[in-house]
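Commentary on secondary and tertiary structure
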Number of protein chains: 2
Amino acid sequence: MTKSSKHILLSLDAMGGDKGPDMVIEGASIALRENPNLRFLVYGDERKIKPLFKKYPTLENVAQIFHTTEKVNSHDKPSVALRQSRNSSMRLAINAVSTGLAQGVVSAGNTGAYMAMGKIFLKMIDGIDRPAIVSPFPTKTKPCVMLDLGANVVCDEHHLCQFAVMGKVYAQEFLDIKNPTVGLLNVGEEEQKGNDAIQNAAQLLKKAKKTLRFEGFVEGNDITTGKVDVIVTDGFTGNVALKAIEGVIGFTMGILKSVFTSSIFSKIGYLLAMRAFKRHTAQINPKKYNGAMLIGLRGIAIKSHGGADAVAFSNAIHAAAKFASHDMNKKIEKNIAQLHKELG
Amino acid sequence: MTKSSKHILLSLDAMGGDKGPDMVIEGASIALRENPNLRFLVYGDERKIKPLFKKYPTLENVAQIFHTTEKVNSHDKPSVALRQSRNSSMRLAINAVSTGLAQGVVSAGNTGAYMAMGKIFLKMIDGIDRPAIVSPFPTKTKPCVMLDLGANVVCDEHHLCQFAVMGKVYAQEFLDIKNPTVGLLNVGEEEQKGNDAIQNAAQLLKKAKKTLRFEGFVEGNDITTGKVDVIVTDGFTGNVALKAIEGVIGFTMGILKSVFTSSIFSKIGYLLAMRAFKRHTAQINPKKYNGAMLIGLRGIAIKSHGGADAVAFSNAIHAAAKFASHDMNKKIEKNIAQLHKELG
């Protein structure tokens, strides 16, 4: 494996995700075909990975396996994973970033453990207490950003304000929105709605006029209307909303499949509309949006969906490559410092 | 207006909802056309309602207006609405049920105020602390039930257990499922996931083997897979998930509209597939599912979506009519008593 300055070196947790090394290695080979500048450090069980490499000889030339039999299981508690999984594929893949070897890490493994390890071994950006999972979403108009999508089950107002700042910088850097608008996800737009954390966060964000453009509360349907550029929520609500949306997209696509196969007329109808159909629905394919970032860490850590297939995982690799060439941490630090100044 | 035993008498809050009396009166006329046994007590501003009645003479014959100029506004706090809106259309419409005059009430107004008034004036079923908003959802297989959809922003484990029991009885009565399975909405299926309330509720529900079939945690995507018959969650998460799903259905339908109008081929394609399309997508039309129940109250109170149009509101009226002829409160009481016995 050779690496020059144009190359992007990523570490992969080969043992994470429901489908394990098969999915990760195939995903890496798909990503490599689309971006020949990728280089990989692959952490996991060599006995499982090596035979897979035989299927993708181009990949074998640009990837290095680091053998370990330890792995974090999907049901491990984060605290247990931290203590007992020092040589796990996830931990070693993260270490490759913290030591400066790799420019970013991708894992489809246990979210809680990944976040806990990221927090401890990659460290937090100054002024940020917890990493959040952030991802772009398609909307009726332009993509928006939502966070936290599942890293923090319980959040207070300070966490929510930090998410708002990180979401703003993410939208600026990756969606090219100069002055992004920010909304807090709530059960209604009226001022008195919501729980204490949301009520207090709204009061704080209203004061932070120099740091960000806070537009108040938004509701669940606004995730897809594009009403604001950044939607801030706790990781519990964000995760349920994300999965509910993915579920209903899958459900709707299933219904359309029934529509288009239900009669000879509808089959011909599908053939005629197929091109337009594929073009328009590409934007809502959840696979395309796979590869959420653990934002707030000092290194690039990308979380793939646990149930991802190889195509979806290749998109998570592409996301890591894209983020690896940006440095938004300084910008987040600057914005957080300004937030603290404004809030006194 | 004459009323016999075959008739169903409902009280309507004519001033609730974003579109006000126009929408409510047109909705009542649509419902009446579909079910001639309906009879209405209409509460609101006579000067606005009377001219509307002229458009629907059949409705005028079976409805009685009760004039009031007071109304609950969408941004009123529940506590303020309770103190200051004694003669509001919402309060008077609820009173019609609590005095036994009407068999059920329908409002598209302020959810918090409606719940607070329902709790005080219709009273709670023995053993239930708070009413929850419950509604059926379409899934890949058969409809499921989700609650709470927005009545209670913060819930503890006891509320969640009560919701589980009420959801079970609702599924038995209205979806004809003999022994419904129950799941708790969480960010993962693993045992250690979620906040304290959910963790504790899972422990309690596991013990209640005689009362219900608890299947553990389910995730956001399971709302549409039909994995369980009843999905239990707090009103914050439930409301965001409901609206996120409604939003993404609207978004997807918008995309399909673009698909089918984007070229002459796709237009012809739509014409050929149209019948199958309409038949298959009818099941996910949110209008069809409008009319959630405030379950746990001693009287029938149906909450229409605030943004409902006349067709959606007519479905809320049909829901009220359907529930009015059932008596599930005794069944809920019995199940709650058994739950308390099992939990000691």
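Residues numbered from 1 in each chain as written. Chains lettered and ligands numbered in written order. Predicted model: local features only at pLDDT ≥ 70, side-chain atom pairs only at ≥ 80, totals over all residues.

Turning our eyes to something else, we now look at the overall build of chain A. Each helix and strand counted, chain A has 12 helices and 11 strands in total. Each principal axis of the C-alpha distribution contributes one length, and for chain A these read about 60 × 60 × 40 Å. With 344 residues in all, chain A has 56% of them scored as buried. Taking contacts inside chain A between residues at least 6 apart in sequence as the whole, the part at least 24 apart equals 73%. (Helix = DSSP H or I, 4+ residues; strand = E, 2+ residues; numbered from the N terminus. Buried ≥ 20, exposed ≤ 12 C-beta atoms within 10 Å, placed from the backbone. Contact = placed C-beta atoms within 7 Å.)

Moving on to the relation of the copies chain A and chain B. Of the transformation placing chain A onto chain B, the axial shift is 0.0 Å and the rotation is 180°, giving an RMSD of 0.0 Å. Such values leave the two copies arranged in the relation of a two-fold axis. The position closest to the rotation axis in chain A is occupied by the C-alpha of A:Gly269, lying 1.7 Å away. (Least-squares fit on C-alpha atoms with pLDDT ≥ 70 in both.)

On the chain B side, the residues contacting the 54 residues of chain A number 54 residues. The element best represented in the side of chain A that touches chain B is helix H9 (residues 235–261) of chain A, accounting for 20 residues. Of the residues assigned to the side of chain A that touches chain B, the class counts are 25 nonpolar, 22 polar and 7 charged. (Nonpolar A, V, L, I, M, F, W, Y, C, P; charged D, E, K, R; others polar.)

Attention shifts here to the environment of B:Met115. Residues and elements named next belong to chain B. Mapped onto the elements of the fold, Met 115 is located in helix H6 (residues 111–122). The class of Met 115 is buried, set by 25 C-beta atoms lying within 10 Å. When near neighbours in sequence (up to four residues on either side) are disregarded, Met 115 contacts Pro 131, Ala 151 and Leu 294.

So, about the packing of helix H7 (residues 157–174) of chain A against helix H12 (residues 329–343) of chain A. For any two helices packed against each other, one specifies the crossing angle of their axes together with the interaxial distance. Residues and elements named next belong to chain A. At a minimum axis separation of 9 Å, H7 and H12 run at an interaxial angle of 140°. Taken as axis vectors, H7 and H12 run oblique relative to one another. In this structure, H7 crosses over H12, and the sense of that crossing is right-handed. Across from Cys 161, Gln 162, Val 165, Met 166, Lys 168 and Val 169 in H7, the residues of H12 making contact are Lys 331, Ile 332, Asn 335, Ile 336 and Leu 339. Taken together, the residues of the contact of H7 with H12 sort by class into 7 nonpolar, 2 polar and 2 charged. (Axes fitted to C-alpha atoms, helices over the stretch in contact; angles between N-to-C directions. Parallel < 35°, antiparallel > 145°, perpendicular 65-115°, else oblique. Left-handed = near helix turned anticlockwise from the far one by under 90°.)

Moving on to the sheet that holds strand S2 (residues 38–44) of chain B. Residues and elements named next belong to chain B. Taken together, the 11 strands give an open sheet; going across it, the order is S3-S2-S1-S4-S11-S10-S5-S6-S9-S7-S8, and neighbouring strands pair in mixed fashion. Because the sheet does not close on itself, it has two edges, and the strands there are strand S3 (63–67) and strand S8 (213–218). The sheet shows a mean angle of 25° between the axes of neighbouring strands, direction not considered. Direction of pairing for strand S1 (residues 8–13) relative to S2: parallel, over a ladder of 6 bridges. (Pairing = 2+ DSSP bridges.)

All names here are of chain A. Tracing the backbone shows Gly 183 in strand S7 (residues 181–185). With 28 C-beta atoms counted inside 10 Å, the residue Gly 183 sits in the buried group. Note: C-alpha distance between Gly 183 and Gly 254 (71 residues apart in sequence) is 32 Å.

Taking 1.5 Å of rise per residue, 15 residues should cover 21 Å, and helix H11 (residues 310–324) of chain B covers 21 Å from first to last C-alpha, within 8% of that figure. Of all the 15 residues making up H11(B), 11 are buried; the element is thus mostly covered by neighbouring parts of the structure. (Expected span 1.5 Å × (residues − 1).)

Residue and element names in this part refer to chain B. In terms of burial, strand S7 (residues 181–185) is a largely internal element, 4 of the 5 residues being buried. Of the pairings in the sheet, the one linking S7 to strand S9 (residues 230–232) comprises 3 bridges and is parallel in character. Each bridged residue has a counterpart across the sheet, and for Leu 184 the counterpart in S9 is Val 232.

Now for the packing of helix H10 (residues 264–281) of chain A against helix H9 (residues 235–261) of chain B. Where H10(A) contacts H9(B), the two axes come as close as 8 Å, and the packing angle between them is 145°. Between H10(A) and H9(B) the crossing geometry is right-handed. Contacts between H10(A) and H9(B) involve A:Ala273, A:Ala276, A:Phe277, A:His280 and A:Thr281 on the former and, on the latter, B:Ile255, B:Ser258, B:Val259 and B:Phe260. Its residues placed into classes, the contact of H10(A) with H9(B) shows 6 nonpolar, 3 polar and no charged.

Okay, the environment of B:Asn152 next. All names here are of chain B. Examined against the element boundaries, Asn 152 turns out to sit in the loop between strand S6 (144–147) and helix H7 (157–174). It is 7.9 Å that separates the C-alpha atoms of Asn 152 and Arg 130, two residues lying 22 residues apart in sequence. Setting aside residues no more than four positions away along its own chain, Asn 152 makes contact with Arg 130, Ala 132, His 159, Asp 234 and Gly 235.

Time to look at the sheet that holds strand S8 (residues 213–218) of chain A. Residues and elements named next belong to chain A. The 11 strands are arranged S3-S2-S1-S4-S11-S10-S5-S6-S9-S7-S8 in an open sheet whose pairing can be described as mixed. The sheet is open, and its two borders are formed by strand S3 (63–67) and S8, each paired with just one other strand. For this sheet the average axis-to-axis angle between neighbouring strands, irrespective of direction, equals 25°. One ladder, built from 2 bridges, connects strand S10 (residues 292–295) with strand S11 (residues 301–303); its direction is antiparallel. Counterpart to Met 293 in the pairing with S11 is Ile 302. Against the sheet, helix H2 (residues 46–55) contacts strand S2 (38–44) and S3, and its axis sits at roughly 160° relative to S3.

Residue and element names in this part refer to chain A. For chain A, the assigned domains read domain 1 (1–123 + 296–326) and domain 2 (129–294). Listed per partner, the contact involves 20 residues of domain 1 and 15 residues of domain 2. The dominant element in the side of domain 1 that touches domain 2, judged by the number of residues it contributes, is helix H11 (residues 310–324), at 7 residues. In terms of residue class, the side of domain 1 that touches domain 2 is built from 10 nonpolar, 8 polar and 2 charged. (Domains from an automatic or database assignment.)

What follows covers the confidence of the model for chain A. All names here are of chain A. Of all residues in chain A, 98% have pLDDT values of 70 or greater, and the mean over the chain is 90. Strand S9 (residues 230–232) holds the highest mean pLDDT among the elements of chain A, 98, whereas H10 holds the lowest, 74. Here the predicted complex carries an ipTM of 0.86, next to a pTM of 0.88. (pLDDT = per-residue confidence, 0-100.)

Residue and element names in this part refer to chain A. With 12 residues, helix H6 (residues 111–122) should reach 16 Å at 1.5 Å per residue; the first-to-last C-alpha distance of 15 Å fits that figure. Along H6, the positions that sit buried rather than exposed are Thr 111, Gly 112, Ala 113, Tyr 114, Met 115, Met 117, Gly 118, Lys 119 and Leu 122. Check the buried side of H6 and you find it contacts helix H4 (78–84), helix H5 (89–98), strand S4 (104–107), S10 and S11.

Let us look at unusual backbone geometry. Residues and elements named next belong to chain A. In this chain, Leu 147 is followed by Asp 148 through a cis amide linkage whose omega measures 5°. By the element assignment, Asp 148 lies in the loop between strand S6 (144–147) and H7. One non-glycine residue with positive phi stands out, namely Lys 123, at about 70°. On the secondary structure map, Lys 123 appears in the loop between H6 and strand S5 (132–137).

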